[in-house]
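Listed here are the chains, written in short residue letters.
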Amino acid sequence: IKNTISDWLSSNGFSEMMSNSLTKSGYHEIIDSSQLNPAHNVKMLNPLSKDLDVLRQSLVFNGLEAISYNTNRRNADLKLYEFGKTYHKYESGFEEKQFLTLFLTGKNESENWDNPSNEVSFFNAKQVLENVLIRLGIFKNYQVSETKNDCLNQGISYSINKNKVADIGSLNGEIANAFSIKNKVYFKAEIL
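Residues numbered from 1 in each chain as written. Predicted model: local features only at pLDDT ≥ 70, side-chain atom pairs only at ≥ 80, totals over all residues. Heavy atoms only, no water.

Can you help me understand empty space enclosed by the protein in this one?
Over the atoms, a rolled probe matching the size of one water molecule traces out where space is still vacant. Counting across every chain of the model gives one cavity of 30 Å³ or more. In terms of lining, the largest cavity is formed by T23, K24, Y27, H28, R56, Q57, S58 and F61. Looking at the lining of the largest cavity, its residues break down into two nonpolar, four polar and two charged. (1 Å grid on protein atoms, 1.4 Å probe; cavity = no way out; pocket = protein on both sides within 12 Å on 5 of 7 lines; lining within 4 Å. Points joined across faces, edges and corners; volume = space filled by probe spheres on them. Nonpolar A, V, L, I, M, F, W, Y, C, P; charged D, E, K, R; others polar.)

As structure tokens, this is what we get:
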């Protein structure tokens, strides 16, 4: 299934990114979130640096690092995806989950003489997410509700059989500022 989704995303203008599972524990200070709890960090016993001292609880910060890096080099029109794992430490033990995350920012398509390009919108991101869910074969009996994701200003949540499978919306401005991102960023929070 991963190859099918990857092929479809790549053929629709997305670039796959592969980021390090090690990240900065300080990212949890950017946003007050119940979903990203510093108490659930899996800490490295002997970290290489303070920027690589914990395993990531979310794929969002790695994606924002990539967007920030590219936009600072005048590559602002991005469609990125990543299949990756998140790691949590609970009283009951450690948890490792596989997710897919999508990021869209800048122009939706390249501008040319016949096609004035428009900025990426919420509806572009929503369409991509629904196509991914269709390709996964799980886009049946779904419910849509307002999201309660702290990383998003506004957005919607998709649930299937009362299990939340994805959030989608525009990135919280506070988080975008922390990464010096000026463009509007739409992202799909992790699909299980």
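Explanation requested: helix α1 (residues 2-11) in the structure shown.
Since there are 3.6 residues in each turn of an α-helix, residues three or four apart along the chain are aligned in direction. Burial in α1 covers these residues: I5, S6, W8 and L9. Each buried residue of α1 sits inside an arc of 165° when the element is viewed along its axis, so together they form one side. For α1, the exposed residues set more than 90 degrees away from the buried face come down to N3, D7 and S11. As for α1, its buried residues are in contact with β1 (15-16), β5 (78-90), β6 (93-105) and α3 (122-136). G13, located one to two residues past α1, shows a positive phi value of around 90°. (Buried < 20%, exposed > 50% of the residue type's maximum accessible area, 1.4 Å probe, protein only. Helix = DSSP H or I, 4+ residues; strand = E, 2+ residues; numbered from the N terminus. Arc of directions from axis to C-beta. Contact = heavy atoms within 4.5 Å.)

Sorry if this is basic, but what is going on with the nonpolar core here?
One broad rule of soluble globular proteins: the nonpolar side chains tend to lie buried together. By size, the foremost hydrophobic cluster in this structure holds 24 residues, and its most contacted members are L9, F14, Y81, L100, L102, Y158 and I168. For this core, the secondary-structure elements that each account for two or more residues are α1, β5, β6, α3, β8 (152-160) and β9 (163-171). Counting residues per element, this core draws most heavily on α3, which supplies six residues. Leave out the neighbours within four places in its chain, and F14 touches L9, K79, L80, Y81, L102, F103, L104 and V128. Counting 22 residues, the second largest nonpolar core, distinct from the first, contains L36, A176, F179 and F187. (Core = buried A, V, L, I, M, F, W, Y, C linked by side-chain atoms within 4.5 Å.)

What is the right way to look at the packing of aromatic side chains in this model?
What describes a pair of aromatic rings is the distance from one ring centre to the other and the angle between the planes of the rings. All chains considered together, the criterion is met by eight aromatic pairs. Centre to centre, the rings of Y81 and F83 are 6.0 Å apart; their planes meet at 85°, and the pair counts as edge-to-face. For the pair Y81 and F83, a shared accessibility class is recorded, and that class is buried. Seen from their ring centres, F139 and Y142 are 4.2 Å apart, and the 15° between their planes marks the pair as stacked. What links up through ring pairs into an aromatic cluster is the set Y27, F61 and F179. Positioned over the ring face of Y69 is R73, at 3.7 Å from the centre of the ring. (Phe/Tyr/Trp six-rings, centres within 6.5 Å; stacked < 30°, edge-to-face > 60°. Lys NZ or Arg CZ within 6 Å of the ring centre and 35° of its normal.)

I keep staring at the pattern of salt bridges and nothing clicks. Help me out?
When the charged atoms of two side chains lie near each other, side chains of opposite charge can form a pair. For the structure on display, the rule yields seven salt bridges. Between E95 and K97 there is a salt bridge, with the nearest N and O atoms lying 3.9 Å from each other. By relative accessible area, E95 is classed as partly exposed at 30%. For E130, the salt bridge is made with K126, and the minimal N-O distance between the two is 3.0 Å. Here E130 pairs with K126, and both are found in helix α3, just four residues apart, close to one helical turn. Given the relative accessible area of 18%, E130 is considered buried. (Salt bridge = Lys/Arg side-chain N within 4 Å of Asp/Glu carboxyl O.)

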